[in-house]
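Report on the structure
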Amino acid sequence: MAVQYVILLSRQGKVRLAKWFLTLSLKEKSKIVKDVSTLVLGRRTKMCNFLEYKESKVVYRRYASLFFIAGIDSTDNELITLEIIHRYVEQMDRYYGNVCELDIIFNFQKAYYILDELLLAGEIQESSKRDVLRRISQQDALEEAEGDEEKFSRLMPYISQIPGLSSYDGSGPLPVPGSGSSSTSFSSARASRVGSGRDVYYG
Amino acid sequence: MSTGIKKTPLFKKSLHDLIRGIRACKDSEATDKYIRSAISECRQEILSQDMDFKTMAVMKLAYLQMLGHDMTWASFNVLEVMSSQKFAQKRIGYLAAMQSFGADTDVLMLATNMLKKDLASSNHLDVAMAISGLSNIVSPSLARDLAEDLLKMMNHSKPYVRKKAVLVMYKLFLQYPEALRSSFPRLREKLEDPEVAVVSATVNVICELAKKHPKNYLPLAPQLFNILTTSSNNWMLIKIIKLFASLAPIEPRLKAKLVPPITNIIQTTTAMSLLYECVNCIVSGGMLSKEDEQLATMCVGKLRIFFEETDQNLKFVGLLAYNKIVLTHPLLVAQNADVIMDCMDDPDLSIRERAVELVVYLVNTDTLFEVVKRLMLQLIPQTRDQVLPEHYRIEVVRRILNMCSKDTYANVTNFEWYVAVLVDLVKITEGVKDVGAEIGAELQNVAVRVRSVRDYAVGAAARMVTDKDVMIKNPRVLKYAGWVVGEYALYLDNPEVILDAMINIEPQSLSHDMEAVYIQAVPKIYSQYAGTDRVPWTYSHAQEILLMTEKIVAYLEKYATSMDIEVQERSVEFLELFRLITLAIKERPNDDMDLTSPALISQVMSSMFNLWELNPVSAKAQKRIPVPDGLDLDEEFNPPAVYSESEDEEEALLREMVMKQQEQNSAKNVNSAAAASVTVKAKSKKSKAARDGAPSSEEESEDEEEIERRRQERRRRQAEDPYYILESDKVVSKSRRSRRESSSSELSGPDDPMKNEKLDIDAIPIMKLEIASIAAPVTKKKSKRRSQPAHVEIAREETFGDDGAADGVDSDDNMARRKSLAARGASQKKGILRVDARGLENYDLDSPDEDEADRQEVEKFKAEILEARQKAAKAAEEEVMATHIVVKKKKKKAKVVKKVKKREGTNETKPAKEPAEKEETTQDTEETTQETTQETTQETTQETTQETTQEKTQETSQEKADENGEKNVEGHEA
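Residues numbered from 1 in each chain as written. Chains lettered and ligands numbered in written order. Predicted model: local features only at pLDDT ≥ 70, side-chain atom pairs only at ≥ 80, totals over all residues. Heavy atoms only, no water.

What to know about the overall build of chain A
Looking only at helices and strands, chain A has six helices and seven strands in total. Across chain A, helices and strands are ordered from the amino to the carboxyl terminus as β-β-α-β-β-β-α-α-α-β-β-α-α. Counting only residues that meet the buried cut, chain A has 54% of its 203 residues in that class. In chain A, 49% of the contacts between residues at least 6 apart in sequence involve partners at least 24 apart. For chain A, the computed accessible surface area is about 9000 Å², with 55% contributed by carbon and sulfur atoms. (Helix = DSSP H or I, 4+ residues; strand = E, 2+ residues; numbered from the N terminus. Buried < 20%, exposed > 50% of the residue type's maximum accessible area, 1.4 Å probe, protein only. Contact = heavy atoms within 4.5 Å. Areas by Shrake-Rupley, 256 points an atom, 1.4 Å probe, with all protein chains shown as cover.)

Details of the interface of chain A and chain B
Taken together, the contact between chain A and chain B spans 74 residues of the former and 76 residues of the latter. Of the roughly 6700 Å² buried where chain A meets chain B, counting both sides, 56% is carbon and sulfur surface. One can count nine salt bridges joining chain A with chain B. Arg43(A) serves as the salt-bridge partner of Asp348(B), at 3.2 Å between the closest nitrogen and oxygen. For the pair chain A and chain B, the number of links is 27 residue pairs in polar contact (both at pLDDT 80 or more). Partitioning the side of chain A that touches chain B into residue classes produces 31 nonpolar, 14 polar and 29 charged. (Buried area = accessible area lost by both parts, 1.4 Å probe. Salt bridge = Lys/Arg side-chain N within 4 Å of Asp/Glu carboxyl O. Polar contact = N/O pair within 3.5 Å; in protein donor to acceptor, adjacent residues only side chain to side chain. Nonpolar A, V, L, I, M, F, W, Y, C, P; charged D, E, K, R; others polar.)

A look at the pattern of salt bridges
Residue and element names in this part refer to chain A. Summed over the entire model, instances satisfying the criterion amount to 44 salt bridges over all chains. As a salt-bridge pair, Lys31 and Asp35 come within 2.6 Å of each other at their nearest N and O atoms. Placement of both Lys31 and Asp35 in helix 1 (residues 26-41) is noted, with a separation of four residues, approximately one turn of the helix. Under the relative-accessibility criterion, Lys31 is labelled partly exposed at 42%. Arg87 is the salt-bridge partner of Glu90, the closest N and O atoms lying 3.9 Å from each other.

Comments concerning the environment of His86(A)
Residues and elements named next belong to chain A. Its place among the elements puts His86 in helix 2 (residues 78-97). Overall, the relative accessible area of 30% leaves His86 in the partly exposed class. In this structure the C-alpha to C-alpha distance between His86 and Arg61, which are 25 residues apart in sequence, comes to 8.4 Å. Not counting chain neighbours up to four residues away, the residues in contact with His86 comprise Arg61 and Tyr63. Reaching out from His86, the side chain makes a polar contact with the side chain of Tyr63 at a distance of 2.7 Å.

As for the pairing of strand 5 (residues 66-73) of chain A
Consecutive side chains of a regular strand alternate in pointing toward one face of the sheet and then the other. Residues and elements named next belong to chain A. Burial within strand 5 is extensive, with seven of its eight residues counted as buried. Direction of pairing for strand 4 (residues 56-63) relative to strand 5: antiparallel, over a ladder of eight bridges. Considered in strand 5, the bridge of Arg61 is made with Phe68. Connecting strand 4 to the antiparallel partner strand 5 that follows it, the hairpin turn spans two residues, and Ala64 within it adopts a positive phi of roughly 50°. (Pairing = 2+ DSSP bridges.)

Quick look at the packing of aromatic side chains
A full pass over the atoms with the stated rule returns 19 aromatic pairs over all chains. Taken together, a centroid distance of 4.6 Å and an interplanar angle of 45° make the contact between Phe369(B) and Trp417(B) tilted. Here the residue Phe369(B) occupies a position in helix 21 (residues 368-379), and Trp417(B) occupies one in helix 23 (residues 415-428), the gap between them amounting to 48 residues. Ring centres 6.5 Å apart and planes at 75° place the aromatic pair Phe415(B) and Tyr418(B) in the edge-to-face group. A residue pair is termed a helical-turn pair when its members lie 3 or 4 positions apart in one helix, as Phe415(B) and Tyr418(B) do in helix 23 at three residues. Look at Phe415(B) and you get buried, because its relative accessible area is 2%. By relative accessible area, Tyr418(B) is classed as buried at 0%. Taken together through their ring pairs, the aromatic side chains of Tyr63(A), Phe68(A) and Tyr88(A) make up a single cluster. Between Arg43(B) and the ring centre of Trp73(B), over which it is positioned, the NZ or CZ distance is 4.1 Å. (Phe/Tyr/Trp six-rings, centres within 6.5 Å; stacked < 30°, edge-to-face > 60°. Lys NZ or Arg CZ within 6 Å of the ring centre and 35° of its normal.)

What about helix 31 (residues 565-587) of chain B?
All names here are of chain B. Counted at 1.5 Å a residue, the expected span for helix 31 with its 23 residues is 33 Å, and the 33 Å between its end C-alpha atoms agrees. The secondary structure elements touched by the buried residues of helix 31 are helix 29 (512-531), helix 30 (539-559) and helix 32 (599-609). Two to three positions downstream of the cap, the backbone nitrogen of Glu566 sits 3.2 Å from a side-chain oxygen, assigning the N-cap of helix 31 to Asp564. (Expected span 1.5 Å × (residues − 1).)

Observations concerning the environment of Lys14(A)
Residue and element names in this part refer to chain A. Residue position: Lys14 is located in the loop between strand 1 (3-10) and strand 2 (15-20). On a C-alpha basis, the gap between Lys14 and Leu66 in space is 9.5 Å, while along the polypeptide they are 52 residues apart. With near-sequence residues (within four places) excluded, Lys14 lies in contact with Leu8 and Leu9.

A closer look at unusual backbone geometry
Residues and elements named next belong to chain A. Phi is positive for Lys54, close to 50°, though the residue is something other than glycine. With respect to the element layout, Lys54 can be found in the loop between strand 3 (50-53) and strand 4. Of note, Ala121 is a non-glycine position whose phi angle comes to about 55°, a positive value. Topologically, Ala121 is positioned in the loop between strand 6 (119-120) and strand 7 (123-124). On the accessibility criterion, Ala121 (2% relative accessible area) is buried.

Considering the nonpolar core
Core analysis: the biggest nonpolar cluster contains 306 residues, and Leu425(B) and Tyr526(B) have the highest contact counts within it. Leave out the neighbours within four places in its chain, and Leu425(B) touches Met376(B), Leu379(B), Val397(B), Ile400(B), Leu401(B) and Ile439(B). (Core = buried A, V, L, I, M, F, W, Y, C linked by side-chain atoms within 4.5 Å.)

What to know about the sheet that holds strand 3 of chain A
Strand pairing in a sheet relies on backbone hydrogen bonds. The paired strands run either parallel or antiparallel. All names here are of chain A. The strand order 2-1-5-4-3 describes an open sheet built from five strands, whose pairing is antiparallel. In this open sheet, the two strands that pair with only one neighbour each are strand 2 and strand 3. Strand-to-strand twist in this sheet, taken as the mean axis angle between neighbours without regard to direction, amounts to 20°. Sheet topology note: the strand 3/strand 4 ladder contains four bridges and is antiparallel. (Axes fitted to C-alpha atoms, helices over the stretch in contact; angles between N-to-C directions.)

Quick word on the packing of helix 25 (residues 454-466) of chain B against helix 27 (residues 478-487) of chain B
Residues and elements named next belong to chain B. It is the contact of helix 25 with helix 27, at a shortest axis distance of 8 Å, that shows an interaxial angle of 125°. With respect to their mutual orientation, helix 25 and helix 27 come out oblique. Seen along the crossing, helix 25 lies across helix 27 with a hand that is left-handed. On helix 27, the residues touching Val458, Ala461, Ala462, Met464 and Val465 of helix 25 are Leu478, Ala481, Gly482, Val484 and Val485. (Parallel < 35°, antiparallel > 145°, perpendicular 65-115°, else oblique. Left-handed = near helix turned anticlockwise from the far one by under 90°.)

Topic: helix 27 of chain B
Residue and element names in this part refer to chain B. With ten of ten residues buried, helix 27 lies mostly within the body of the structure. For helix 27, the full list of buried residues reads Leu478, Lys479, Tyr480, Ala481, Gly482, Trp483, Val484, Val485, Gly486 and Glu487. Looking at the buried residues of helix 27, the elements they touch are helix 24 (435-449), helix 25, helix 26 (468-473), helix 28 (495-503), helix 29 and strand 1 (614-616).

Remarks on the packing of helix 28 of chain B against helix 29 of chain B
All names here are of chain B. One can describe the packing of helix 28 onto helix 29 by two numbers: an axis separation of 9 Å at closest approach and a directional angle of 155°. It follows from the interaxial angle that helix 28 and helix 29 lie roughly antiparallel. Considering how the two elements wind past one another, helix 28 and helix 29 form a crossing that is left-handed. For the pair formed by helix 28 and helix 29, the contact residues are Pro495, Glu496, Ile498, Leu499, Met502 and Ile503 on the first element and Tyr518, Ala521, Val522, Ile525, Tyr526 and Tyr529 on the second. Residue classes in the contact of helix 28 with helix 29 are distributed as eleven nonpolar, no polar and one charged.

Topic: the environment of Leu254(B)
Residues and elements named next belong to chain B. Assignment of secondary structure puts Leu254 in helix 14 (residues 254-268). The sequence separation of Leu254 and Phe244 amounts to ten residues, and the corresponding C-alpha distance is 8.5 Å. Setting aside residues up to four positions removed in sequence, Leu254 forms contacts with Leu218, Ala221, Phe244, Leu247 and Ala248.

Re a nonpolar patch on the surface
Taken together, the side chains of Phe76(B), Met109(B) and Leu110(B) define a hydrophobic patch exposed on the protein surface, amounting to about 350 Å² of accessible area. Within the fold, Met109(B) resides in the loop between helix 5 (87-100) and helix 6 (111-119). (Patch = residues over 30% accessible without salt bridge, like charges linked within 9 Å, V, L, I, M, F, W, Y side chains within 5 Å.)

Overview of the confidence of the model for chain B
One rule of thumb: low pLDDT means the predicted coordinates there are not for detailed reading. All names here are of chain B. Scored by pLDDT, chain B comes out at a mean of 72, with 66% of its residues at no less than 70. The low-confidence segment residues 725-790 (pLDDT under 50) makes 124 contacts with residues lying over four places distant or belonging to another chain. For the stretch residues 905-941, pLDDT sits under 50, and the model shows 51 contacts to residues farther than four places along the chain or on other chains. (pLDDT = per-residue confidence, 0-100.)

Describing the pairing of strand 1 of chain A
All names here are of chain A. Of all eight residues in strand 1, eight are buried; the element is thus mostly enclosed. Examined bridge by bridge, strand 1 and strand 5 share seven bridges and lie antiparallel to one another. Paired with Leu8 across the strands is Phe68, a residue of strand 5. As paired elements, strand 1 and strand 2 share five bridges and run antiparallel to each other. Among the inter-strand pairings, Leu9 is bridged to a residue of strand 2, identified as Val15. In this structure, the hairpin formed by strand 1 and strand 2 is closed by a connection of four residues, where Gly13 is found at a positive phi of approximately 90°.

Next comes the structure, spelled out in structure tokens:
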């Protein structure tokens, strides 16, 4: 087992993400989170990024206000684990666009999705940076397409009654035809799919 | 979620609301309250028919689960969301499942079909999600049912799915090792996959598998080697090198093949992680034997780069690697002692610990002073808030003791310095748990082994005993200090001061084991104080002694009622002695004319403690004492009475208990006898000598009868011999009296037991040998000149028998036992972070498919059972037809009776109902039922058959279990 768990911890000791590649009970998980949090928060800068915890090793690194913590087997390579952590941060940075703690808090599921593309069963799954993000954007696009379909099908009765607002989806600002939402930077990938959906409804 | 779901105002709370709400809570109490209400809302929403509601509730619960709140109650609803048609909902469902499902989630068995469907989906994103989900939730039954589907996915057209399928296989194998056999060929194919990510995934899986059972994967070595030499992907290279590290130890020829490419990587790579992995592979792959100077030099040299960087991480892993290499090449590592020593004062404690660990191997006589000084300085807190954590301080103390005592104090040239170090350690480790005992043990060891500093060590111990600070801050050390001042009371300048200090301690300030040591030490010091003639026995002196004796009596009285049995026994025994002494002193005439000290003090007391000197004895020595002839450890002292046939279970149980106790008793007896006595030892040797047929010149004249007579005599004597019980046996577990130059014994007369025994012992050649070899270093006078500290005499441990040979066997035995114990321990009490891979560890691809054989066997039995049942049913029918009587049979015993009767020729079908008859036949039941199935004639009833078949199946399962057990053992051995 390469990586046993990944925990994102705020400087105040709040868990921002906890991904387990082992099946453990909630109690066991909580114990590990608690123990590891105390260990990691007690470290000062200028100390090395490795710790020993029970029969495993803990590799952590602090990025801004967040600690990224990975538990590994005692025979595993600490240095490459640091690389994995760094890779994860890079991916999130690209995905969220200059990621900050709040992004992860409010879109925690996205952080999990990215991790799921990077690691599987605790093993590194994809060493290409580009590929991981491509997969996530594919999934997002599929989700968007479904979501749009649904929204419009729900609003259809109202939209038909209000002339002039026929393209308003009920949530954001009035849409400009042809442009995607500006919340993420993957508009190009999504536009092609979503666009085709719109054609059906607004054509 | 950027879909419309969360923004629909129909929800009480969206995920964003929830998160905001939690963040708005001021304290933990408010948060708890808020979360509780949120969860109860979720309980409502999750039951909704609207999938959006349900999904949102599941999502919120997943968020709360991350914060440590249970959501297992919602497992079924999670499953519902997982099976949604919409990708967005499915995605959330899978996320929640991955977060919350565990091995005990019972709804998992409902998930099989859904997962099958998702795996077969035309949308590769669905497939990928199912695989990712499966990697977290796979259970043995899911693994069995989905193995085929996943096998297909390994050949999916999209590499994205292929790599995921390959990776999830490892999780599958963990749950269901049998899948390994069917999927191994395909796994092997994947090493040749055109897509590098798939190859990398395959390497990852094989690497993990090979850690458990490397033998299976040796055939892959050529393919893997090809990847090693051609790939430039560092992620994969690291894994493949790790994989070779598992394979190399079981195939020594790999080493020659691997060293060139790995050397090449080491010399060319710029990636430290890869470099580190290569060095690790060379070390843990067993490629670094003593002869491989060149390879080792390269590794050690490359690792030095790690220390020249400012990166703390590199220092840390560098130290880890050095710690491994130092075991085979200490000299090479020692060349880098400068950088390692620098790490000893690193601000990072993890680095310091590793460095200190390493330094233990690197110290020599020249550096020991310096290193110990630096470590001691660390223990002294500079400022109040700079106190190091306790575990580190303990570690440092242990390492100091470790490096000094290594190889029987090979590095210590000045023992006065060492004693001073120990004294300082006691002072600076106040409040550090347990190390007091370890420091004390060292002090004791030095006092026993190094005669030249014994007076110094005794002085140090005396200062500890009289120091009130030590009592408060580091009391554990007093157990050993107390022993030292007692045993070597001869070296005390002022025994009365020590005595006063020891008997005036506050009750309850020491633990029971320490009290016991003190109680033992007080008489020893007393005999030194009162028994020697350093002060002439005058009336005034006698009064002083009397006063002291009375004080001691008072002191012992306090402990005579101690709850601790050892303390109580010792104090009661000595109490009687001291009361006698008090009387003896009082009986003396009250003037100064021609006074001698009472014989009780001057002779009896001193002979109790001062006859022999204690020498260090090897901890293994006792085990080597052969069991004497005529001593049968299995023989019962008190054979149990013959029980009648009709004994019931309770009696049997009782008897078993009694036997167990007897066994224990006999074992204990042998133990104590062996531990305590020289005599048993002598006896045993004698018997050994006799067996070996190598009688000495003296022994030749002795015939068996004489020996026997003496043995009897000795046994009789031992019964009354007050010296026979070794008083300080408990304290001085390592030491035993064996020095036999008892010149001081004034009691020796013609029938002195000691003397007689001594003769006895000397008559035995082996004992002579031992005395010669051991006495040699000890008998050297303690007039060692301190100006030549390099030649301090350190008493070796005494041992018994052929040291070398026995040692080897012994340690091998022990190792094996420890290994097996460790293995068992690991399987019984596994850490929560350890993956349970026992199935894989024992899974041998080369072994025949035992499972198949088992299955066939089971089928066979099933058929037999069916056949027997049919026959039985038929027979019962016929029977009923024949007699026209419906017979009610409640117990098979009755039927058996009936059957027996029939066989005897009685054609009555009347069921036997008399209880007496039942009783009679019960014993036969076992046999007859067996016969019944074989004969299966008209009389057999269905019930009987069932009984037998049950037995049979039980047997089969038992056999199977046995086979498995054997397989396990094989696996472990392999």
